[in-house]
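# A structural walkthrough
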Amino acid sequence: MRLYDDAARPEETGPRMAPGSNLELVRQRLAAARNITVLTGAGISADSGVPTFRGADGLWRNFRAEDLATPEAFERDPRLVWAWYNWRRELIATKQPNAAHLAIVELERRAPTFWLVTQNVDGLHRDAGSRKLSEIHGNIWKVRCTGCHAVSENRDVPISILPFCPQCRALLRPHIVWFGESLLAADLQQCSTVLRNCDLLLVIGTSGVVYPAAGFATLAKEAGAFVVEINLDSTPQSSLVDVSLQGRAKDLVPLLLDPT
Ligand code: BV8
Ligand code: ZN
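### Overview of the domain arrangement of the chain
Taken domain by domain, the chain consists of domain 1 (6-50 + 97-137 + 183-255) and domain 2 (55-93 + 156-176). Placing the centre of domain 1 and that of domain 2 at their C-alpha centroids yields a distance of 27 Å. Opposite the six residues of domain 1 that make contact, domain 2 presents six residues. Surface buried jointly by domain 1 and domain 2 totals about 510 Å² across both partners, of which 69% is contributed by carbon and sulfur atoms. Put simply, domain 1 and domain 2 have zero salt bridges between them. Considered class by class, the residues forming the side of domain 1 that touches domain 2 number two nonpolar, two polar and two charged.

Here it is as structure tokens:
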């Protein structure tokens, strides 16, 4: 069964930046910022070939989140849910970080204080070398025991369609935050701290509709941060940010660091 049409997306004509002065302004702000927070979504990994969730080629075009990404779905049909995650693991295993992931690693190296918050579960930020990060929706390469709650890394591709805990024999589930589940308290606390304290927030490749992450740009703005959005399209956050740069993450993020 082919679950996703992997046909190449038509190439855009390049970054659709509004006035060049906006890019220059962001470069200057970024170079001067002492405390930088970055929030990423599926759009940053789209440039590596990982499908996004919403939009024309998005996963939620062909699948219902209620059937696959809720605790109720897993209770009802764990085989179906694991089959879907297995398919995504197989797909993600073939993908590599792109220039935008790498530019964020460089930003972490340069910035006096830095934190990356990602909604992505693909692990590509970690693969790229990011270390100061919170994967607030979990990680597709981790499993969690429904019995003893132990979390472990599991990179099997494919993973057994009904994996069981080696310790207590209970069913394992993906270590992913599903709809209707709370994010980890420690992650929420860390997000609150970095959003309140940052002087610059970069929001990259997220549609800005899934809470609580959808509220992060507002939180940072209210705390006085300069907020920059990088996205192919406009989003519900575009009107509240200071600068909205339209284009591909892999083109724009490196440009912010190394002027050409
Ligand atoms: C919570 C895991 C407290 C699956 C994900 C009614 C019932 C139940 C819950 C709710 C409800 N109403 C509201 C809620 C809360 C809910 C929510 O926000 N729902 C929305 C949709 C209405 N949130 C929650 O449930 C959260 N928990 O609030 O706990 C609670 C408890 C009980 C009840 C209520 C509240 C949990 C949220 C976690 C959801 N988990 N998925 C999996 O990944 O396997 S969400 C899913 O969306 C993904 O994980 C993803 O990370 C996330 C966000 O999506 P994006 O990353 O933004 O991706 P998207 O495709 O949407 O957009 C891509 C963007 O990139 C686009 O803008 C595009 O233009 C751009 N782009 C594309 N290519 C590029 C690009 N940009 C730049 N360059 C490119 N090349
Ligand atoms: Zn267990």
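After that view of the structure, there is still more to cover.
### A word on empty space enclosed by the protein
Empty space among the atoms becomes visible once a probe the size of a water molecule is rolled across them. On inspection of all chains with the given rule, the structure shows two cavities of 30 Å³ or more. In this structure, the largest cavity spans a volume of roughly 130 Å³. Taken together, 13 residues line the largest cavity, and the ones lying closest to its centre are Val50, Pro51, Phe53, Arg88 and Ile92. Going through the elements one at a time, helix H2 (42-46) and helix H6 (78-92) are the ones with two or more residues in the lining of the largest cavity. Sort the elements by how many residues they give to the lining of the largest cavity and H6 lands first, with four residues. Of the residues in the lining of the largest cavity, the class split is nine nonpolar, two polar and two charged. Shared between two domains, the lining of the largest cavity holds at least three residues of each, these being domain 1 (6-50 + 97-137 + 183-255) and domain 2 (55-93 + 156-176).

### Quick notes on the nonpolar core
Residues Ile36, Val38, Leu202, Ile204 and Leu245 are the most contacted members of the largest nonpolar core, which totals 29 residues. Counting only elements with at least two residues in this core, the list comes to helix H1 (20-32), strand S1 (35-40), helix H7 (99-110), strand S2 (113-118), strand S7 (200-204), strand S8 (226-231), strand S9 (243-246) and helix H11 (249-257). Ranked by residues supplied to this core, first place goes to H11 with six residues. Among residues more than four places away in sequence, those in contact with Ile36 are Leu30, Leu107, Ala111, Thr113, Phe114, Trp115, Cys198 and Leu200. Leu68, Phe74, Tyr85 and Ile140 belong to the second-largest nonpolar core, a separate cluster that totals 28 residues.

### As for the coordination of the zinc ion (ligand 2)
The protein atoms donating to the zinc ion (ligand 2) are Cys145 (SG), Cys148 (SG), Cys165 (SG) and Cys168 (SG), with metal-donor distances spanning 2.3 to 2.4 Å. One can describe the site at the zinc ion (ligand 2) as tetrahedral: its four donor atoms subtend angles covering 94 to 120° at the metal. Counting residues between consecutive donors of the zinc ion (ligand 2) along the chain gives the motif C-x2-C-x16-C-x2-C. Of this pair, Cys148 sits in the loop between strand S4 (138-145) and strand S5 (151-153) while Cys165 sits in the loop between S5 and strand S6 (172-176), and the two are 17 residues apart along the sequence. The class of Cys165 is buried, set by a relative accessible area of 2%.

### As for the site of ligand 1
Ligand 1 sits among 33 residues. The nearest are Arg54, Tyr85, Arg88, Ser207 and Asn231. A distance of 3.2 Å separates an oxygen atom of ligand 1 from a polar side-chain atom of His137. The backbone of Glu181 places a nitrogen or oxygen atom 2.6 Å from a nitrogen atom of ligand 1. Burial of ligand 1 by the surrounding chains reaches 76%, relative to a free accessible area of 1500 Å². In a pocket analysis with a 2 Å cut-off to the grid points, ligand 1 is assigned to the largest pocket. Considering every element that reaches the shell around ligand 1, the biggest residue donor is H2, with three residues. Partitioning the shell around ligand 1 into residue classes produces 15 nonpolar, 12 polar and six charged.

What counts, and where the lines are drawn
Residues numbered from 1 in each chain as written. Chains lettered and ligands numbered in written order. Predicted model: local features only at pLDDT ≥ 70, side-chain atom pairs only at ≥ 80, totals over all residues. Heavy atoms only, no water. Domains from an automatic or database assignment. Contact = heavy atoms within 4.5 Å. Buried area = accessible area lost by both parts, 1.4 Å probe. Salt bridge = Lys/Arg side-chain N within 4 Å of Asp/Glu carboxyl O. Nonpolar A, V, L, I, M, F, W, Y, C, P; charged D, E, K, R; others polar. 1 Å grid on protein atoms, 1.4 Å probe; cavity = no way out; pocket = protein on both sides within 12 Å on 5 of 7 lines; lining within 4 Å. Points joined across faces, edges and corners; volume = space filled by probe spheres on them. Helix = DSSP H or I, 4+ residues; strand = E, 2+ residues; numbered from the N terminus. Core = buried A, V, L, I, M, F, W, Y, C linked by side-chain atoms within 4.5 Å. Buried < 20%, exposed > 50% of the residue type's maximum accessible area, 1.4 Å probe, protein only. Donors = N, O, S within 2.8 Å, 3.2 Å for Na, K, Ca; no water. Tetrahedral: all angles 85-135°; square planar, octahedral: opposite > 155°, others 65-115°. Near = heavy atom within 4 Å. Polar contact = N/O pair within 3.5 Å; in protein donor to acceptor, adjacent residues only side chain to side chain. Areas by Shrake-Rupley, 256 points an atom, 1.4 Å probe, with all protein chains shown as cover. Sits in = over half its atoms within 2 Å of the grid points.

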